[in-house]
Amino acid sequence: MTAHVKIDRNTVVASAGSCFAQHIRNHFIRRGYNYLIVEPGPQELDEDEREERSYGIFPARFGNVYTTVQLWQLFERAYGRFTPAEDYWLDDGRFFDPFRPHVEPGGYSTLAALREDRAAHLAAARRMFETVEVFIFTLGLTEAWRSRIDGAVFPVCPGCSVGTFDPERHEFVNFNVTETVDGLFAFITALASMNPSVRIILTVSPVPLAATMTANHVIEATTYSKSVLRVAAEQARECFSQVSYFPSYEIITGTGRAHEFFARDRRNVTPSGVGRAMDLFFQRHAGEAPVFMPESDMPPAQHPPAIDELKCDEETALRGLELLKTPANPR
């Protein structure tokens, strides 16, 4: 078993993952750590516009990364080793990036503008991968939509919010243990080839699924998904000396404090739950004394600002369920 990755206030930290990963970003910024932002956006944007267009929510403007395969493909796209066949989605005369469909809410006016912004974004992603010292990834889901043409994984179902769903080109996938582990191992190996000294902290999101595309109940689907992700994280910890695991999932779901750590919807984690998990994170990885401070009680950061509302794709996932009811894609 590997030793815990250690962090101090000078350590260059970056993160990616599901919606819960945004809490990690907030705590690093509010506690005064060196959180890497390589794609800050145009200076003339005010903070509301910056947040709406996903600048600063993660180090680069890649949005939520839900699966290990999506993370690996982000790396491969950044280095030009994978160019997906699906170049854009067209919706109401506007162009959208299939792999970042919500970073530009109104889309791009031209395909050239989309490609120019994508090139700048992928260059920023390369800077992140090559300069980060500790990379934190929150594993969130096993369910995804992908291209039947080349296996490219989308963050949301095509056509749920923008674009058009085509059963000849798009398919639902629920990654199994082997596929999830393979994607994670491929990413870790690729990242180490570009940044040999990087250390990685894996964690599993405690947030259950809002919906499932499988035929099972969402509770069953959640149990399957989190089990697969936890196994993948454990295998990575056992196989790579630079990988550590932090038990966000276990702290929130396994300590008998669900009434305190989950909101009334039993999905969203409360500020108390996030605060408890992050206090233990900084106690383990940075040697901080525990203070058990929820996000709502922490002092605001000046720049980049902390984000009060998480940017998630839950509503589009729910809309994706409607596609399964159509004759073109029965279930």
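Since the model is a prediction, treat every value here as computed from it, not as a measurement.

Basis of the calculations
Residues numbered from 1 in each chain as written. Predicted model: local features only at pLDDT ≥ 70, side-chain atom pairs only at ≥ 80, totals over all residues. Heavy atoms only, no water. Helix = DSSP H or I, 4+ residues; strand = E, 2+ residues; numbered from the N terminus. Buried < 20%, exposed > 50% of the residue type's maximum accessible area, 1.4 Å probe, protein only. Contact = heavy atoms within 4.5 Å. Pairing = 2+ DSSP bridges. Axes fitted to C-alpha atoms, helices over the stretch in contact; angles between N-to-C directions. Parallel < 35°, antiparallel > 145°, perpendicular 65-115°, else oblique. Left-handed = near helix turned anticlockwise from the far one by under 90°. Nonpolar A, V, L, I, M, F, W, Y, C, P; charged D, E, K, R; others polar. Core = buried A, V, L, I, M, F, W, Y, C linked by side-chain atoms within 4.5 Å. Phe/Tyr/Trp six-rings, centres within 6.5 Å; stacked < 30°, edge-to-face > 60°. Lys NZ or Arg CZ within 6 Å of the ring centre and 35° of its normal. Expected span 1.5 Å × (residues − 1). Salt bridge = Lys/Arg side-chain N within 4 Å of Asp/Glu carboxyl O.

**Observations regarding the overall build of the protein**
Next up, step 1: When helices and strands are counted, the protein shows ten helices and nine strands.
Next up, step 2: Looking at the protein residue by residue over its 331 residues, the buried ones come to 55%.
Next up, step 3: Residue pairs in contact within the protein that sit at least 24 positions apart in sequence constitute 72% of those at least 6 positions apart.

**Re the sheet that holds strand S9 (residues 243–245)**
Next up, step 1: The strand order S1-S4-S8-S9 describes an open sheet built from four strands, whose pairing is parallel. Edge positions in the open sheet fall to strand S1 (13–17) and S9, since each of these has one partner strand only. Between one strand and the next, the sheet's axes are offset by a mean angle of 20°, whatever the strand orientation.
Next up, step 2: Here three bridges tie strand S8 (residues 199–204) to S9, and the two strands are oriented parallel to one another. Each bridged residue has a counterpart across the sheet, and for Leu-202 the counterpart in S9 is Tyr-245.

**With respect to the sheet that holds strand S5 (residues 143–147)**
Two modes of strand pairing occur in sheets, parallel and antiparallel, and in both the strands are linked by backbone hydrogen bonds.
Next up, step 1: One open sheet holds the three strands; their spatial order is S6-S5-S7, and the pairing between them is antiparallel. A strand with exactly one partner marks an edge of an open sheet, and here the two such strands are strand S6 (153–154) and strand S7 (170–174).
Next up, step 2: Of the strand pairs in this sheet, S5 and S6 are connected by two bridges, and their pairing is antiparallel. When the bridges of S6 are listed, Arg-146 appears paired with Val-153.

**What to know about the side chain of Thr-142**
Next up, step 1: Residue placement: Thr-142 occurs in the loop between strand S4 (134–139) and S5.
Next up, step 2: Sequence-distant contacts of Thr-142, that is, excluding residues within four places in its chain, are made with Thr-67, Val-173, Asn-174, Phe-175, Thr-180, Tyr-224, Ser-225, Val-228 and Leu-229.

**Comments concerning the pairing of S1**
Regular strands have side chains that alternate between both faces of the sheet.
Next up, step 1: Among the five residues that make up S1, five are buried, leaving the element largely enclosed by the rest of the structure.
Next up, step 2: In terms of strand pairing, S1 meets S4 through five bridges, oriented parallel. Each bridged residue has a counterpart across the sheet, and for Gly-17 the counterpart in S4 is Thr-138.

**A short note on the packing of helix H5 (residues 177–194) against helix H6 (residues 218–239)**
Next up, step 1: At their nearest, the axes of H5 and H6 sit 9 Å apart, and the two run at 40° to each other. As summarised for this structure, H5 and H6 are arranged oblique, according to the angle between their axes. H5 and H6 meet at a crossing whose hand is right-handed. On H6, the residues touching Val-177, Thr-180, Val-181, Leu-184, Phe-185 and Ile-188 of H5 are Val-228, Leu-229, Val-231, Ala-232, Ala-233, Gln-235, Ala-236 and Cys-239.
Next up, step 2: Looking at the contact of H5 with H6 residue by residue, the classes come out as twelve nonpolar, two polar and no charged.

**Concerning the nonpolar core**
Most often, soluble globular proteins keep nonpolar side chains buried together rather than apart.
Next up, step 1: If you look at the biggest cluster of nonpolar residues, it comprises 67 residues, and the most contacted ones within it are Phe-28, Phe-129, Phe-135, Leu-202 and Phe-281.
Next up, step 2: Of all the elements, H5 adds the most residues to this core, at seven residues.
Next up, step 3: Setting aside chain neighbours within four positions, we find Phe-28 in contact with Ile-7, Val-13, Tyr-33, Tyr-35, Ile-136, Phe-281 and Phe-282.
Next up, step 4: Formed by 13 residues, the second largest nonpolar core is a distinct cluster that contains Phe-154, Cys-157, Phe-165 and Met-213.

**Let's talk about the packing of aromatic side chains**
Next up, step 1: What the rule picks out here adds up to 20 aromatic pairs.
Next up, step 2: For the pair Phe-281 and Phe-282, a centre-to-centre distance of 5.3 Å together with 75° between the ring planes defines the contact as edge-to-face. Note on accessibility: Phe-281 and Phe-282 belong to one class, buried.
Next up, step 3: Grouping aromatic residues by their ring pairs yields a cluster made of Phe-28, Tyr-33, Tyr-35, Phe-246, Phe-281 and Phe-282.
Next up, step 4: Against the face of Tyr-245 rests Arg-230, its NZ or CZ located 3.8 Å from the ring centre.

**Quick look at H6**
Next up, step 1: Over its 22 residues, H6 extends 31 Å from the first C-alpha to the last, a length consistent with the 32 Å expected when each residue adds 1.5 Å.
Next up, step 2: Regarding H6, the residues found buried are Ala-221, Thr-222, Ser-225, Lys-226, Val-228, Leu-229, Ala-232, Ala-233, Ala-236 and Arg-237.
Next up, step 3: Tucked inside the fold, the buried residues of H6 contact S4, S5, H5, S8, S9 and helix H7 (248–253).

**As for the pattern of salt bridges**
Next up, step 1: Within the structure shown, the criterion is met by 20 salt bridges.
Next up, step 2: Linking Glu-104 and Arg-53 is a salt bridge whose minimum nitrogen-to-oxygen distance equals 3.0 Å. Within this pair, whereas Glu-104 is found in the loop between strand S3 (94–96) and helix H4 (111–131), its partner Arg-53 is found in the loop between helix H2 (47–52) and helix H3 (68–78), the two being separated by 51 residues in sequence.
Next up, step 3: Linking Arg-61 and Glu-104 is a salt bridge whose minimum nitrogen-to-oxygen distance equals 3.0 Å. Placement of Arg-61 in the loop between H2 and H3 and of Glu-104 in the loop between S3 and H4 is noted, with a sequence separation of 43 residues between them. There is no split in this pair, since Arg-61 and Glu-104 are both buried.
Next up, step 4: Each of Arg-53, Arg-61, Asp-87, Asp-97, Arg-100, Glu-104, Arg-115, Asp-117 and Arg-118 takes part in salt bridges that share partners, so that together they form one network.

Scope: geometric values only; no functional claims are made or implied.
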